[in-house]
Structures are given as structure tokens and as C-alpha cells.
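Each chain is listed here by its residues.
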Protein chains: 2
Amino acid sequence: MNYNFSNRMSNIKGSAIREIFKYAADPSVISLAGGNPAPELFPNEELSVIAEEMLREKPVLSLQYGITEGYTPLRDKVKQRLKRIENIGTDDDELIIISGGQQGIELSIKVLVNEGDTVIVEEPSFIGATNAFRSYGVHLAGVPVEEDGMNIDALEKVIKENKNVRIIYTIPTFQNPMGVTMSVEKRKKLYETAKKNGIIILEDNPYGELTFDGTKVPTIKSMDTDGIVIYAGSFSKILSPGLRIGYLCANKNLIQKIVIAKQVSDVHTSMLPQLLAYEYMERYDLDGAVVKMRENYSHKCSTMLNAVGEYFPKDVLYTKPNGGLFMWCDLGHNLDTMEISKKAIEQKVVYVPGNTFMTDMNKPCSTLRLNYSTMTDERIVEGIRRLGKVFCNL
Amino acid sequence: MNYNFSNRMSNIKGSAIREIFKYAADPSVISLAGGNPAPELFPNEELSVIAEEMLREKPVLSLQYGITEGYTPLRDKVKQRLKRIENIGTDDDELIIISGGQQGIELSIKVLVNEGDTVIVEEPSFIGATNAFRSYGVHLAGVPVEEDGMNIDALEKVIKENKNVRIIYTIPTFQNPMGVTMSVEKRKKLYETAKKNGIIILEDNPYGELTFDGTKVPTIKSMDTDGIVIYAGSFSKILSPGLRIGYLCANKNLIQKIVIAKQVSDVHTSMLPQLLAYEYMERYDLDGAVVKMRENYSHKCSTMLNAVGEYFPKDVLYTKPNGGLFMWCDLGHNLDTMEISKKAIEQKVVYVPGNTFMTDMNKPCSTLRLNYSTMTDERIVEGIRRLGKVFCNL
């Protein structure tokens, strides 16, 4: 039978980088293509003790249906923590626990954007987000990202040129895929521009805590006096991605609608992972664990940057992240990194080609994303050495 | 700020029965309104041991990102079990693990139905499904349910009278909310009707295993030689709803699209609950546990039926379920069970009024749903006694 798929889903294909990830599963291949947090940092012993205890002592709480908004003590704890570390949350705000940050993107689109409406994304941007937008038949408009974040002049132009702009999606801090951070000035300008035009900002901040030197730029949500920012947070990079726990904080009228959307989507987020996140924060020092993550990623990032300096052609441009999991390179010379990835695979190293993160994925790009979070120093250096060999022989 | 919500979400409101569930939280109130499985049947000790071991010994598997399709050993095990107990699964079929049965409904609509298209539902039907359809701006068309399932003549009429009918949604076995089961003859006719008209059947079967006397009617999916049936199954009623583990089995081309939709929805289902479901089936006797559930629910259902016979007015019509969690009553006399629920609350007993399950929720109904799965015999009898008092004094 030939199935008639919905219009919204007709244009979205399986990720072109699936092929690349297939190779990444081969242990002889060094993958710089991933986005996973470092598994050695998972507090699995602690979570093991908690899980055993919760299931044994609180069977109904752990195994029965829960409420859509999320486990109340976890919601309260996340609210307190958000207020303390990001100065987020007013009396008009509410918070919902979701099944990972990705669900926050999908629910926001579903309640706010009609098919054919425009969503503005950074160019490049996180493919999980751009594909979520595509899956609702949304028109994507890209705004170039610079070393200090979105080009605000370009943003204003894009708003003027597009109809029904409903959401500006941004990862302002340690952006995926570029690893850059939007300046405070640009955050303020972005906020004012969105406000002036009646557009909602979806601020996605999964990496914000992973600052290498401890400095933090204020979140856009912390400036939100008008209830126009939806803030998406996640435990994926600071506790565990496999648990699938995230949260949205926004004006309570927005959250109310998002709760209805979540109810018909998955009823509620799995209870046991919610209990693990809550009890872990209650019993252990999450902030201390985050400090260790920062050191770990900072070290790995330096290792990669040093190797890039040594092995890549001298005219390759690259970002120098202050946090997060990714760096971004531009080979220039109108090269096509999708084509070059085949040569890289021959050398047993993989990366994600830049076109993957663009609004038009079919246009060749000279850029690529590198990830440093999951490997040993030796693998990072060897991976960059192999890539350098490919890039020097083009 | 006044938010402009998407058209699809504009018409969907928070459930009217939320008020009723608020009262249900009061321990002096007897709730016949729920849909929860019996908590005394949760194998929490077994799951506690498994969770402790998984997190301790398999930290990466438990806590790192997984693949969207689901944990492969769990998928294989569910496939084997489905084949064995329901004769479901051909070489053309594939199976995906989802975050509870509800997600299977949402994903199916998302990939198959455009806004304004028609979805046919049983009248009455599960509100989680009807609300999911509403949340995509779908036109709902109802087909009356009889003691032996959907009225097939009415179905054919509804198909003729509506444009772009894309899905027929059915809970053929121990239907929610009526507790009735579609006959084999009607299943065959439904299948042929759908096939003739190029319509996909979404067969939702969360209660199918909970047959009181062990007899089973063949699933519609087991008759699916044309790849037109999407089968939604769930661990919510046979293991735990709080874990949020379900699955969809359908033609592989459909599943392929559904995988893409799931990827942008929540990336993958939480790993630890998947591991618990798999290891529980691997180490313990799920089929044996299901037999105990059947006995438990069969006993509770009899208790309720006996009490209804004793305390309800003699002209009240009601279904006599052979399985599942629900029974359905019709008070007749053009009574409005939504209005009457206020009197029931005064008597400290709650139920779900029938209009909740209808395509037009604003039209008064003389019907109501009763649930018997979560209470002791004493509470069931006392709840029905209180309700009987209300109904006898109208």
C-alpha cells in the first residue's frame, strides 16, 4: 500500500547524517560527530541506590500514573534552582517537567505555530529543533550567527521580509553547533526586537551551566518582563540524557496550554526518572558535579583546540568555545564538507557536515561541527590528526 | 500579553473532568472516575532489584542517549510476545517502542492526518484519543458503539458523508469507556470497509490481555494482510503506567515515518523504564502476572455488578464487561449525568459523565463510566450504594 502521509510530514526525511552515525558505531572509527555527554560523569552508583529505594518504598509514586505538570517536589526544586543560578522565574511564570528538552521545542511549536507560519532560527542551528519545526510544516527563516551570536540587523531584516513570524528559536549560550555565546548587548536587542514585533522567543539552554571559566552571561529569560520568553532547560547534559528529563519555564498562560498539549502527547513524563532527578538533587551536590563536568569538558576542549592548531591547514577558521560540547570549523575555498566526509570515513574519522544545521540542507557548505565531550585525550588528538590529514590533502 | 495560540490548539480546553478529579483526591470521596490499574499488582520489589542492578552494572546503557526505535532487546521481546499471544507481526511489519500508548495515537495522527481531515472514532471513545485528534485540528466523526462493537452500517454512512477520512480509531476489546468487545464478524467487516475506502485503522488495545475468562477475540491487526492497521499496545495496564512504555506495530513504511516523528518529539523513550520492562519479562513470568490481574479485576467487576444490581434503579441499563477496567451505565429519561455528578459529589462519590467521551462534549448525556480496578470490595460496594442513593432520588 502507498501511504498518504500528512503534508507536514511529507517534506521531512530521515537525517542524512544517519549514515555517518552508522560508521561511528565501528570502534575503529573515531567519532567527532556525536553530541553525547561524557559517560564517566554519570552518577550511576548514586542513582542506583535511589532507584532501588524508590521502587521498594514508594511503589505507587514510582509506578502509578502521575500528573501532566510533573512531580511537584521536582518542579519546586527546579524552580528554586533556576531562580538561584539563572535568576529565572516571576510570579507570572510557571514550570512544567517534560520528557527531555526536545519535547519542549515540539510542544512550543504545536501550541503557537500554524502550518506555513514562519519560525526564525539561527543559521546554523540544532537539527533536532529545525526538524521539529519542519515536522509542523513551518517556514524556516535563518539568521546568520557570528562570534557574539545572531546578527541582529539580519534578524530585523528577516522579520520584515517574512509573514507571520511566531517564534525566534535561539541557543544563546555555547550554541549547538557553533559553540559561540550571544553577548549581553545582543540578548537585549533580540529581546526588544521580539517584543516590538510580538514574537515569542524560545530560549534553549541545555549547555549554559557548562561554562569553562565559571563566567555566565544572563539568560534572555532573566530579562523577560513581558512574558515573551519560553525557557527550555534539561537534565541531559548535567545528569543523564537517557533519563529524558527537561523542563519549560514560561508565563503561566503559555504553560497552561502546553500542559494540554503534553497531556495528549505522552500523558506525563515517566515517574521514576523524575524521582531520580529530584532525589539526586535532594541528597547530593548537583552544583559540585557540574563543576567537575566543566573541568572535564574544558580540558577536552583545550586538547582539541591544540590538536586543531597543530594538524589542520592554517587557513581553517574555527571557534574557541568557552563552554558546551561543540566547536565549529570553516574550511573555506567553497569546499563541500558532505563530500569530504567520505574521505574522512576512509581515514576512520567522522564529523557532522555544516549543511546539516542549515535551513536549506541541500546547499553544500564548507563548515563542520566537532564534538569533544565523549572521548579520551588520545582519541581526540588522533581524530583531529586523521582529519587534518584529509583536510591537508584536498 | 495575549498569546496567539495555533488554530489546532485553540479549540481544545483543559478537561472538564479535572474538577471531578480534584474531588477524587479527597480520601473521604470514593472515586469511580479513575482509570488506574490496581497498585497492589505492581511488581515493585522485582523492579527495584532490576533498577539497582542496571544502574550499577550498565550505566551507559541506562543513562546515555538511546536510539529512537527503542532498546533493541525490548523490541525483539515485544515482537515475539505479540506474535505468540496475538498472532501479530508479518515480514512487512516493524515495531517501535513509545512513551506510553498515548504517544502512539499522537504520532499516528501527526504522520497521517492534515488539519480538517476526518478521523472516525467510536462514540463514546477514550478522551485521551479524541483530545489528541482535536489537538491537530481534525474533524471528528462518531460511530455509535453497540454491545458487540461499532455499528458497521453507521460506519459506512459516516465514511460516505465525510471528506478525507484518514483514520478509524477503535478500542475493539474491553472498550474504554463502555467495557464492550467488538465481535469477530464486525472486526472483519470493519477491516474490509477500511480497506475498500483506503482508510488506516488505528487499533488501540491496552486492555486486551485483561480477559476475565481467558477467552480472546482475534485482534484486527492479526487479520491485516494489506498493511492498513496500526496496532498500539502498552505496558501501562500489565506492568506499570508510570513507567510510560508502549509500542506501535505497523507496516515498516509507516513505522519509518513514525520514527522520524518520534525523533523530533522526545528523541527516544527513557532508557531505564525500557530496561525494566525488558528485564522483568526476561526474569519473571509476565503471563503469570497477567493471570493474577485478570482474577483481581474479574472479582472487582463482579463485586461492582452485584452492587449495581442491588442499589441502582431497576431501569438503569449497564454493560457487563468480560475484561478491562470499565463499565458503562445509561440512566435514561433524558437525564444529564454532568449535572447529576454535583449531587454525587455531595454524597462523596465521583464518576465520569458520558458526554466527556463524545465527539460533541457539550451535549448532555444520560450515560456515565464507572471504574472498578483500584478499590477494595468495601469501597466499590459503598461507592455504588452512595451513587444508587443519588440515582434513586432524581
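Residue numbers run consecutively from 1 along every chain, following the written order of its sequence. Written order determines the labels here, with chains lettered from A and ligands numbered from 1. Totals for whole chains, interfaces and linings use every residue, but because this is a predicted model, local features are given only for residues with pLDDT of at least 70 and side-chain atom pairs only at 80 or more, for both listing and counting. Hydrogen atoms and water are omitted, and side-chain values are computed over all heavy atoms in the structure.

Asks: When you look at the overall build of chain A in this model, what are you seeing that I'm missing?
Replies: Summing up its helical and strand segments, chain A has 14 helices and 14 strands in all. Only C-alpha atoms enter the radius of gyration, while the globule expectation follows 2.2 Å times N to the 0.38, with N the number of residues. In terms of overall dimensions, chain A is globule-like: its C-alpha atoms have a radius of gyration of 21 Å, near the 21 Å expected for 394 residues. Only heavy atoms enter the contact rule, under which two residues are in contact if any of them lie within 4.5 Å. Long-range pairs, those at least 24 residues apart, make up 75% of the contacts in chain A with a sequence separation of at least 6. By element, 49% of the accessible surface of chain A is carried by carbon and sulfur atoms, the whole surface being about 14400 Å². Side chains of chain A carry 46 positive and 50 negative charges; the gap between the two charge centres is 3 Å. The helix count covers DSSP runs of H or I at least four residues long, the strand count covers runs of E at least two residues long, and both are numbered beginning at the N terminus. Only the protein chains shown count as covering a residue, and every accessible area follows the Shrake-Rupley method with a 1.4 Å probe. Two residue types count as positive, namely Lys and Arg, and two as negative, namely Asp and Glu; His and chain ends fall outside the count. Where a charge sits is defined by one atom per residue type, namely NZ (Lys), CZ (Arg), CG (Asp) or CD (Glu).

Asks: Please clarify how the nonpolar core should be interpreted in this entry.
Replies: The tendency in soluble globular proteins is for nonpolar side chains to be buried as a group. Among the nonpolar cores identified, the biggest contains 204 residues, and Leu370(A) and Leu370(B) are the most heavily contacted of them. Contacts of Leu370(A), omitting those with residues within four sequence positions, involve Leu32(A), Met304(A), Phe312(A), Leu325(A), Phe326(A), Met327(A), Cys329(A), Tyr351(A), Ile384(A) and Leu387(A). Only buried residues count toward a nonpolar core, which is a set of Ala, Val, Leu, Ile, Met, Phe, Trp, Tyr and Cys residues joined through side-chain atoms within 4.5 Å. A simple rule labels every residue: compare its accessible area, found with a 1.4 Å probe on the protein chains alone, to the largest value its type can have, and call it buried under 20%, exposed over 50%, or partly exposed in between.

Asks: Which parts of the structure should I look at to understand the pairing of strand β14 (residues 367-371) of chain A?
Replies: Successive residues of a regular strand alternate their side chains across the two faces of the sheet. All names here are of chain A. Most of β14 is tucked away, with five of its five residues classed as buried. A two-sided burial pattern is seen for β14, the buried positions comprising Thr367, Arg369 and Asn371 on one face and Leu368 and Leu370 on the other. Two elements, strand β11 (residues 326-330) and β14, share five bridges in a ladder whose sense is antiparallel. Each residue of the ladder has a partner; that of Met327, found in β14, is Leu370. Between any two strands, pairing holds if DSSP finds at least two bridges. With two bridges joining them, strand β13 (residues 352-353) and β14 adopt antiparallel strand pairing. Bridged to Val352 within β14 is Arg369.

Asks: Where do I start with the packing of aromatic side chains in this structure?
Replies: Given two aromatic rings, their pairing is described by the distance between the two centres and the angle made by the two planes. All names here are of chain A. Paired rings are identified among Phe, Tyr and Trp, the last through its six-membered ring, by centres lying within 6.5 Å, and are further divided according to the angle between planes into stacked (under 30 degrees), edge-to-face (over 60) and tilted (the rest). Tallied over the entire structure, the rule returns 21 aromatic pairs over all chains. Measuring from centroid to centroid gives 5.7 Å for Tyr71 and Tyr278, while their planes differ by 85 degrees, and the two rings are edge-to-face. A residue pair is termed long-range when its members are at least 10 positions apart, and Tyr71 in the loop between α4 (59-63) and α5 (72-86) and Tyr278 in helix α11 (residues 271-283) qualify at 207 residues. Tyr278 carries the same exposure label as Tyr71, and that label is buried. Both rings, one in Phe235 and one in Tyr247, keep their centres 6.0 Å apart while their planes meet at 70 degrees; by these two values the pair is edge-to-face. One end of the pair, Phe235, is in the loop between β8 (229-234) and β9 (246-251); the other, Tyr247, is in strand β9, and twelve residues separate them in sequence.

Asks: Looking at this structure, how should I read the interface of chain A and chain B?
Replies: When the parts come together, some accessible area is lost, and that loss is often what is quoted as the size of the interface. Taken together, the contacts link 81 residues of chain A with 81 residues of chain B. Accessible area that two parts lose when put together, with a 1.4 Å probe and added across both, is what the buried area reports. Counting the surface lost from both chain A and chain B, the interface buries some 6700 Å², and carbon and sulfur atoms represent 56% of this. The rule for a salt bridge is simple: a side-chain nitrogen of Lys or Arg has to be within 4 Å of a carboxyl oxygen of Asp or Glu. For the pair chain A and chain B, the number of links is two salt bridges. Pairs of N or O atoms are called polar contacts if they sit within 3.5 Å, as long as, within protein, a hydrogen donor faces a hydrogen acceptor (for residues adjacent in sequence, only side-chain-to-side-chain pairs). There are 50 residue pairs in polar contact (both at pLDDT 80 or more) connecting chain A and chain B. Looking at the side of chain A that touches chain B, the elements with two or more residues in it are α1 (7-10), α3 (44-57), α4, α6 (101-112), α7 (127-134), α10 (252-266) and α11 of chain A. Per element, the largest residue contribution to the side of chain A that touches chain B is ten residues, and it comes from α10(A).

Asks: Please clarify how the relation of the copies chain A and chain B should be interpreted in this entry.
Replies: One chain copy maps onto the other through a rotation about an axis and a shift parallel to that axis. For the match of chain A to chain B, the screw axis carries a shift of 0.0 Å, the RMSD comes to 0.0 Å, and the turn is 180 degrees. In symmetry terms, the pair is related by a two-fold rotation axis. Residue Glu52(A) of chain A places its C-alpha closer to the rotation axis than any other residue of that unit, at 2.5 Å. Of the residues that chain A buries at the interface, 100% are likewise interface residues in chain B, meaning the two copies contact each other through the same surface. Least squares is used to superpose the copies, and the fit set is the C-alpha atoms of residues whose pLDDT is at least 70 in both copies.

Asks: Any chance you could explain the sheet that holds strand β9 (residues 246-251) of chain B here in plain terms?
Replies: The pairing of strands in a sheet happens through backbone hydrogen bonds and is either parallel or antiparallel. Residue and element names in this part refer to chain B. On the basis of which strands lie adjacent, the open sheet formed by eight strands has the order β2-β9-β8-β7-β6-β3-β4-β5 and mixed pairing. At either margin of the open sheet sits one strand with a lone partner, and together these are β2 (93-98) and β5 (149-150). The pairing of strand β3 (residues 118-123) with strand β4 (residues 139-146) spans six bridges and is classified as parallel. Bridge pairing links Glu123 to Pro144 in β4.

Asks: I keep staring at the confidence of the model for chain A and nothing clicks. Help me out?
Replies: Any region with low pLDDT has predicted coordinates that should not be read closely. Each residue carries a pLDDT score, the predictor's own confidence in it, on a scale running from 0 to 100. Within chain A, residue pLDDT values average 96, and 99% of them lie at 70 or more. The complex model carries a pTM of 0.97, and its ipTM stands at 0.97.

Asks: Any chance you could explain the sheet that holds strand β2 (residues 93-98) of chain A here in plain terms?
Replies: Residues and elements named next belong to chain A. The strand order across the open sheet built from eight strands is β2-β9-β8-β7-β6-β3-β4-β5, with neighbouring strands paired in mixed fashion. Of all strands in the sheet, those with a lone pairing partner are β2 and β5 (149-150), marking the two edges. Lines fitted to C-alpha atoms define the axes here, with helix axes fitted over just the stretch in contact, and angles between the N-to-C directions of these axes take values from 0 to 180 degrees. Contacts from α5 reach β2, β8 and β9, with the element oriented near 120 degrees to β2.

Asks: When you look at the side chain of Gln175(B) in this model, what are you seeing that I'm missing?
Replies: All names here are of chain B. Within the secondary structure, Gln175 is located in the loop between β6 (165-170) and α9 (184-196). With a relative accessible area of 1%, Gln175 lands in the buried category. If we skip the residues at most four places from it in the chain, Gln175 touches Glu122, Pro124, Ser125, Val145 and Val180.

Asks: Which parts of the structure should I look at to understand α6(A)?
Replies: One full turn of an α-helix is made of 3.6 residues, so residues set three or four places apart face in the same direction. All names here are of chain A. Every helix has an expected span of 1.5 Å times one less than the residues it contains. If you check α6, its first and last C-alpha atoms are 17 Å apart, about what twelve residues at 1.5 Å a residue would give, namely 16 Å. Counted residue by residue, α6 has twelve buried out of twelve residues, so it is predominantly covered. By the burial criterion, the buried members of α6 are Gly101, Gln102, Gln103, Gly104, Ile105, Glu106, Leu107, Ser108, Ile109, Lys110, Val111 and Leu112.

Asks: Would you mind going over the packing of α6(A) against α7(A) with me for this structure?
Replies: When two helices pack together, their arrangement is captured by the angle between the axes and the distance separating the axes. Residue and element names in this part refer to chain A. Relative to each other, α6 and α7 sit at 30 degrees, their axes nearing to 10 Å. On the basis of their axis angle, the class for α6 and α7 is roughly parallel. In this structure, α6 meets α7 at a crossing whose hand is right-handed. Contacts from Gln102, Ile105 and Ile109 in α6 reach Gly128, Ala129, Ala132 and Phe133 in α7. Working rule for angles: under 35 degrees goes down as roughly parallel, over 145 as roughly antiparallel, 65 to 115 as roughly perpendicular, anything else as oblique. The hand of a helix crossing depends on one turn: near helix anticlockwise from the far one by less than a right angle means left-handed, and clockwise means right-handed.

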